[in-house]
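Each chain, letter by letter, is given below.
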Amino acid sequence: MAIIDQKKIRNFCIVAHIDHGKSTLADRIIEKTGLLTNREMQEQVLDNMELERERGITIKAQAVRIIYKAQDGEEYILNLIDTPGHVDFNYEVSRSLAACEGAVLVVDAAQGIEAQTLANVYLALDHNLDVMPVINKIDLPSADPERVVNEIEDVIGIEAQDAPRISAKNGLNIEDVLEQIVKKIPAPSGDYEEPLKALIFDSIYDSYKGVIVFCRLFDGHVSKGTKIRMFATGAEAEVVEVGIFGAGQFIPCEELSAGMVGYVTASLKNVKETTVGDTITDAERPCAEPLAGYKKVNPMVYCGLYPSDGAKYPDLRDALEKLQLNDASLSFEPETSVALGFGFRCGFLGLLHLEIIQERLEREYNLDLVTTAPGVIYKVHKTDGEVIDLTNPSNLPDPSVIEYMEEPYVAAEIMVTTDYVGPIMQLCQERRGVYKSMEYMEATRATLKYDLPLNEIIYDFFDALKSRSRGYASFDYEMKGYQRSELVKLDILINREEVDALSFIIHKDTAYERGRKMCERLKEEIPRHLFEIPIQAAIGSKVIARETVKAVRKDVLAKCYGGDITRKRKLLEKQKEGKKRMRQIGNVEIPQKAFMSVLKLDSGE
Amino acid sequence: MVKCCPNISDETIKPGLGIRRDTDVKKEISLYIHIPFCVNKCNYCDFLSFPACTGTCKAAYINALQREMELYAKEADQYRVVSVYIGGGTPSILSLEQIEMLMYTLREVWDVDADAEITIEMNPGTADQMKLLGYRQLGINRISMGLQTTNKEELACLGRIYNYDHFYIAWKMLREAGFDNINIDIMMGLPGQTFQSYQKTLSKVLSLRPEHVSAYSLIIEENTPFYNNPAVLSQLPDEETERMMYTFTKNFLEGYGYCQYEISNYAVEGRECRHNIVYWEDRSYLGLGLGASSYMSGNRFTNTADLEYYIQYYNDEKCVSLMPLEKTVIDTKTHMEEFMFLGLRMMQGVSRQRFKSLFGKDIYDVYGTVLNKYEGMELLTVSGDSVSLTAQGVSLSNIIMADFLL
């Protein structure tokens, strides 16, 4: 195969605030370039996962290669890398950006610039990408493209007058976008003759091909038989196949060369040998320096994940390992709970990330899970000077040896229309927020800045924000570091036995309220037993809330079904089946959903 | 608590001195005959019964039943019948001639013990003097009356078509016809029922001195008008009231010399329903007619519930064999479970020795943990050969029995 002319390659991604139409535009581009016939075209081709389609969000970065015949008569190879829009998945965006030369910025013609619009633009600029704005949804009655163009120029400071005005939904002016990609986004540079230097921006596990590494070549070339080395892990392997991305399929090719985006499979046994962000080089002729890679993303939210059926523990471990291959930000380590048995303490980027992982484990790996209350990493300063990073409340040392504790804070920026400033400020106050500033971006839009404890936003802050602003507020945050805080460990005692899986760390001022709510909720969830069950919330030895599940006094099947024993049996089996889904704590059987129900205490505001 | 009903099982079920052929080699069996017709369907009823059937339909059904019985001729040879129960629906809705035809065929095919307990279910309002005398002549010696409650509003809510006066007239007729073994069904936990109204029902019933009382709890079943009906559900007595009703039944009846021998059944001495005990004591029975269940030679099976199909199949002149039915073989595990959860319904409980002779294992080897758990909670007692529930255990029997599933 002839060496592909670098000048004919454009590597780009599409960035946008959630819901501004990024995936729809991607679909239209793919459609327009005839990669798929209309019949083959499924809505939102790049959102492969069932979960992504259902939720209408992009979770994973996806890549596709498109051939486009431009107005200059030349054929160009466009490598499109789709990126997630949610704040939790920022790191995915960052990974994709590193593989591109340019970013198409999609802005909603009605809503204008939103929090993630900015965050993504800054990310793109950080990666030295050329940002090319596109105004989408011009078909909406409330669309005001000229206002949005001005907003882009004022707020972001990039030229936007000739930004294509499109409707991705209706396929309007998509051609303009493609032309501009060719004209405005630079071709990759890189030397075919130099030693191989490729960035791993993703990898997946395929049961037939093994580990499939998605990479962007910056220098050199790679083909079947090349002996490659992973810079960070030192793992070496021989390339089995190289190829490019079709829409939803892998297309093998002879060679990948500098500037190209594609995939590599090699005889890699262990999924851990290919870390995303690592550099691939030629084992026999290695490059001197690795690529910059990515900033390692650190999990911010932790929770315990346990299989409902204890026997599924190894399955859960396998599943987590496979997911981790796709998702470098997921971390896990084994832990045990008295209440829940063997499981894993897992780290996530945020609560949505947690939910997504949980749902993927349940759907794709068919696992039934019990999740414990999510928490953050607390710093425990002991009297002997030692500092512990606490991710599991059960590991909190005895209060007598604790000097003080710190919790992580975030600097939050909330963009909201002026009508809802009041309710949002109130929400931030309730969540122990420290007011910093308020700026008006325009007459009707303001940016509120608060320092908030991370602990307070991981549960349901997003939902509360949306409901109190009728969806008009958007929110972004960055880690700000640790602050000393009056934290306590709240324990739940069921029938006077502490249930470790229900313990959590909380600010002392909110402990009472939460303890009360948890007891109330647990009272609803725990079925009545043959004896009375006290449910208590306690800080240390002090009980701060109590509820009681009354004892069952009568449960008789005083009905004669004649000789139809099967009906009687079915009834008893149902009773027994209900018990199976429960966890035994002392004498008490607790349904698994009770553990989950306490996670969403605030949902009914 | 005074144990007032020692050793009902073997003694009572064993026949007396009737004249039989080949008695010693024949196994015992009980027969259930289902009559799926009634005058109108009650609001809580989920049994197989069809109020709308025509006379022709009934005749065809009786014909089918007779045919089904005849086709059992070969099996019948190995058995002698210790009890017969004609249930429904409302079997007394049939004409005397129809019952006569059934009893005739039954005796032709089966070897019925001379002193077999033969029960027919009856609703107040379907009784008449001629019919009752006819029943007596046919050897029917036990009547089960579905009264449910004496309270007018409660009866109306259930969709029953009579009042207590009708019932009383029927009752008088039964006694005049010479029936000396009568059961009255009553229900607790009815919509709108109070503890006081239940007490009243029970006192009224007791003043008649029936030989047997069945006191059931209303169970709201799917596919009945009561199901998911907020007007009904909101009127149900609370758990505590129902528990009081249950306890009251026991104390009150025991005060009058009745003995609770099963979770919902009370009788004066010697009048325990033998047919019912067969179900709880893991003994054989054959169900004839629509949707009837059987337990024979370690198999459980149930007749079709499709009335039209049943009638058509057994009325077909070319029909030479029984309808093929799916049989569930009761394996040892299932058998143990059933032995326990059925046996524990009996106040005398299950026999450890019988457990051992059936399964070759001591009951504690299989159920040690559960037995100890509930013994510790005083919900179950083990004394001598018997394992039984305590009064409190009976109140919570569902929970306990579920634990006997392996």
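Residues numbered from 1 in each chain as written. Chains lettered and ligands numbered in written order. Predicted model: local features only at pLDDT ≥ 70, side-chain atom pairs only at ≥ 80, totals over all residues. Heavy atoms only, no water.

S.K.: Help me understand the overall build of chain A, please; the structure alone is not making it clear to me.
M.R.: Looking only at helices and strands, one finds 14 helices and 31 strands in chain A. Counting the 605 residues in chain A, one finds 59% classified as buried. Sequence-distant contacts, at least 24 apart, represent 69% of the contacts inside chain A between residues at least 6 apart. For chain A, the computed accessible surface area is about 25400 Å², with 47% contributed by carbon and sulfur atoms. (Helix = DSSP H or I, 4+ residues; strand = E, 2+ residues; numbered from the N terminus. Buried < 20%, exposed > 50% of the residue type's maximum accessible area, 1.4 Å probe, protein only. Contact = heavy atoms within 4.5 Å. Areas by Shrake-Rupley, 256 points an atom, 1.4 Å probe, with all protein chains shown as cover.)

S.K.: Got a minute to help me understand the overall build of chain B in this structure?
M.R.: The helix and strand tally for chain B stands at 17 helices and 15 strands. The buried share of chain B, reckoned over its 406 residues, is 58%. A separation threshold of at least 6 residues defines the contact pool for chain B, and within that pool the share at least 24 residues apart is 71%. For chain B, the computed accessible surface area is about 17000 Å², with 51% contributed by carbon and sulfur atoms.

S.K.: Hey, could you run me through the interface of chain B and chain A in this one?
M.R.: On the side of chain A, 26 residues touch chain B, which itself brings 40 residues to the contact. Here chain B and chain A share an interface that buries about 3200 Å² over both sides, 57% of which is from carbon and sulfur atoms. For the chain B face of the interface with chain A, the top three residues by lost area are B:E239, B:N398 and B:I399, together amounting to 20%. The tally of links from chain B across to chain A stands at three salt bridges. (Buried area = accessible area lost by both parts, 1.4 Å probe. Salt bridge = Lys/Arg side-chain N within 4 Å of Asp/Glu carboxyl O.)

S.K.: Explanation requested: the packing of aromatic side chains in the structure shown.
M.R.: Any two aromatic rings considered together are summarised by their centre-to-centre distance and by the angle between their planes. Residues and elements named next belong to chain B. Inspection of the entire model under this criterion finds 31 aromatic pairs over all chains. Ring centres of F167 and W171 lie 6.4 Å apart, and the angle between their planes is 25°; on these two criteria the pair is classed as stacked. Residue F167 and its partner W171 are located together in helix α7 (residues 164-176), separated by four residues, close to a single helical turn. For the residue pair F167 and W171, the accessibility class agrees, reading buried in each case. Here the aromatic cluster, defined as three or more aromatic residues joined through ring pairs, consists of F37, Y61, Y309, Y310, Y313 and Y314. In this structure, K327 packs its charged tip against the face of F301, placed 4.5 Å from the ring centre. (Phe/Tyr/Trp six-rings, centres within 6.5 Å; stacked < 30°, edge-to-face > 60°. Lys NZ or Arg CZ within 6 Å of the ring centre and 35° of its normal.)

S.K.: I tried to follow the sheet that holds strand β15 (residues 386-389) of chain B on my own but got confused; where do I start?
M.R.: One key point about sheets: their strands pair by backbone hydrogen bonds, in either a parallel or an antiparallel sense. Residue and element names in this part refer to chain B. On the basis of which strands lie adjacent, the open sheet formed by three strands has the order β13-β15-β14 and antiparallel pairing. Among the strands making up the open sheet, the edge pair consists of β13 (350-351) and β14 (380-383). Note that β14 and β15 share four bridges and pair antiparallel. Paired with T381 across the strands is S388, a residue of β15. (Pairing = 2+ DSSP bridges.)

S.K.: Just to check I follow, could you spell out the nonpolar core for this structure?
M.R.: Here is a general trend for soluble globular proteins: nonpolar side chains tend to be buried in one another's company. Ranked by internal contacts, the top residues of the largest apolar core, which has 128 residues, are B:W110 and B:Y135. If one sorts the elements of this core by residue count, helix α2 (residues 55-71) of chain B sits on top with seven residues. No fewer than three residues from each of domain 1 (23-280) and domain 2 (332-402) of chain B sit in this core. Core analysis: the next-biggest nonpolar cluster, separate from the first, contains 83 residues, A:V370, A:I402, A:M518 and A:C519 among them. (Core = buried A, V, L, I, M, F, W, Y, C linked by side-chain atoms within 4.5 Å. Domains from an automatic or database assignment.)

S.K.: Can you walk me through the packing of helix α1 (residues 22-32) of chain A against helix α6 (residues 174-184) of chain A in this structure?
M.R.: Packed helices, taken two at a time, are described by the angle between their axes plus the distance between the axes. Residue and element names in this part refer to chain A. With their axes 10 Å apart at the nearest point, α1 and α6 run at an angle of 85° to one another. One element, α1, and the other, α6, form an angle in the roughly perpendicular class. Two secondary-structure elements touch here, α1 through L25, R28, I29 and K32 and α6 through I174, E175, V177 and L178. Grouping the constituent residues of the contact of α1 with α6 by class yields five nonpolar, no polar and three charged. (Axes fitted to C-alpha atoms, helices over the stretch in contact; angles between N-to-C directions. Parallel < 35°, antiparallel > 145°, perpendicular 65-115°, else oblique. Nonpolar A, V, L, I, M, F, W, Y, C, P; charged D, E, K, R; others polar.)

S.K.: Can you walk me through the confidence of the model for chain A in this structure?
M.R.: As a general rule, the predicted coordinates of low-pLDDT regions are not to be interpreted in detail. Residue and element names in this part refer to chain A. Per-residue confidence for chain A gives a mean pLDDT of 82; residues scoring 70 or more make up 88%. Predicted confidence for residues 37-46 stays below pLDDT 50, and this span has 27 contacts to residues more than four positions away or in other chains. Across residues 56-61 the pLDDT falls below 50, and counting only partners more than four positions away or on other chains, this stretch makes 35 contacts in the model. (pLDDT = per-residue confidence, 0-100.)

S.K.: Teacher, can you tell me more about a negative patch on the surface here?
M.R.: On the surface, A:D309, A:D315, A:D318 and A:D368 cluster together into a negatively charged patch. Tracing the backbone shows A:D368 in the loop between α8 (351-364) and β18 (369-371). (Patch = residues over 30% accessible without salt bridge, like charges linked within 9 Å, V, L, I, M, F, W, Y side chains within 5 Å. Lys, Arg positive; Asp, Glu negative; His and termini not counted. Charge placed at Lys NZ, Arg CZ, Asp CG, Glu CD.)

S.K.: Which parts of the structure should I look at to understand unusual backbone geometry?
M.R.: Note: most peptide bonds trans; most residues except glycine with negative phi. Of note, the bond from B:G88 into B:G89 is cis; its omega dihedral lies within 30 degrees of zero at 25°. The residue A:N128 is not glycine, and still its phi comes out positive at about 60°. Among the structural elements, A:N128 can be located in the loop between α4 (115-126) and β5 (130-136). Residue classification places A:N128 among the exposed residues on the basis of a relative accessible area of 66%. You will see that A:R432, though not glycine, has its phi angle at about 60°, which is positive.

S.K.: So what exactly am I meant to see when it comes to the pairing of strand β27 (residues 504-507) of chain A here?
M.R.: Every other side chain in a regular strand lies on the same face of the sheet, so the side chains alternate between the two faces. Residues and elements named next belong to chain A. Burial along β27 is two-sided: the residues F504 and I506 and I505 and H507 are all buried. With four bridges connecting them, strand β25 (residues 487-494) and β27 associate as antiparallel partners. Residue L487 lies in a different strand from β27, and its bridge partner there is H507.

S.K.: How do you make sense of the sheet that holds strand β17 (residues 341-348) of chain A when you look at a structure like this?
M.R.: All names here are of chain A. Taken together, the four strands give an open sheet; going across it, the order is β16-β17-β15-β18, and neighbouring strands pair in antiparallel fashion. On the outer flanks of this sheet lie β16 (331-337) and β18, each paired with one strand and no other. Neighbour-to-neighbour, the strand axes of the sheet open up by a mean angle of 30°, direction not taken into account. Here seven bridges tie β16 to β17, and the two strands are oriented antiparallel to one another. Of the residues in β17, the one forming a bridge with T336 is F342. Relative to β18, α8 is tilted by about 160°, and along the sheet it contacts β15 (301-307), β17 and β18.

S.K.: What should I look at first to understand the pattern of salt bridges in this one?
M.R.: Oppositely charged side chains are able to pair whenever their charged atoms sit close together. Taken as a whole and judged by the stated rule, the model has 45 salt bridges over all chains. One salt bridge connects A:K489 with A:D491, and the closest N-O pair in it is separated by 3.3 Å. Each member of the pair, A:K489 as well as A:D491, is classed as buried. Put simply, B:E240 and B:R243 hold a salt bridge, and the shortest N to O gap is 3.0 Å.

S.K.: Help me understand helix α4 (residues 96-109) of chain B, please; the structure alone is not making it clear to me.
M.R.: The α-helix advances 3.6 residues per turn, and as a result positions three or four apart in sequence lie on the same side. Compared with the 20 Å implied by 1.5 Å per residue over 14 residues, the 20 Å span of α4(B) between its first and last C-alpha is a close match. Every buried residue of α4(B) is listed here: B:L96, B:Q98, B:I99, B:L102, B:M103, B:T105, B:L106 and B:V109. (Expected span 1.5 Å × (residues − 1).)

S.K.: What's the story with the confidence of the model for chain B in this structure? I'm lost.
M.R.: Residue and element names in this part refer to chain B. This prediction gives chain B a mean pLDDT of 88; 94% of its residues lie at or above 70. Every residue in residues 1-22 scores below 50 in pLDDT, and together they form 42 contacts with partners more than four places removed in sequence or on other chains. In the predicted assembly, ipTM is 0.80 and pTM is 0.62.

S.K.: Can you walk me through the pairing of β25(A) in this structure?
M.R.: Residue and element names in this part refer to chain A. Burial analysis of β25 places eight of its eight residues in the buried class, the great majority of the element. Residues L487, K489, D491 and L493 point to one face of β25 and V488, L490, I492 and I494 to the other, with burial holding for every one of them. Both β25 and strand β28 (residues 533-539) contribute to a ladder of five bridges, which runs antiparallel. Across the sheet, I494 pairs through a bridge with I535, a residue of β28. With two bridges joining them, β25 and strand β26 (residues 497-498) adopt antiparallel strand pairing. Among the inter-strand pairings, L493 is bridged to a residue of β26, identified as E498. The hairpin formed by β25 and β26 contains two residues between the paired strands, and N495 there has a positive phi angle of roughly 50°.

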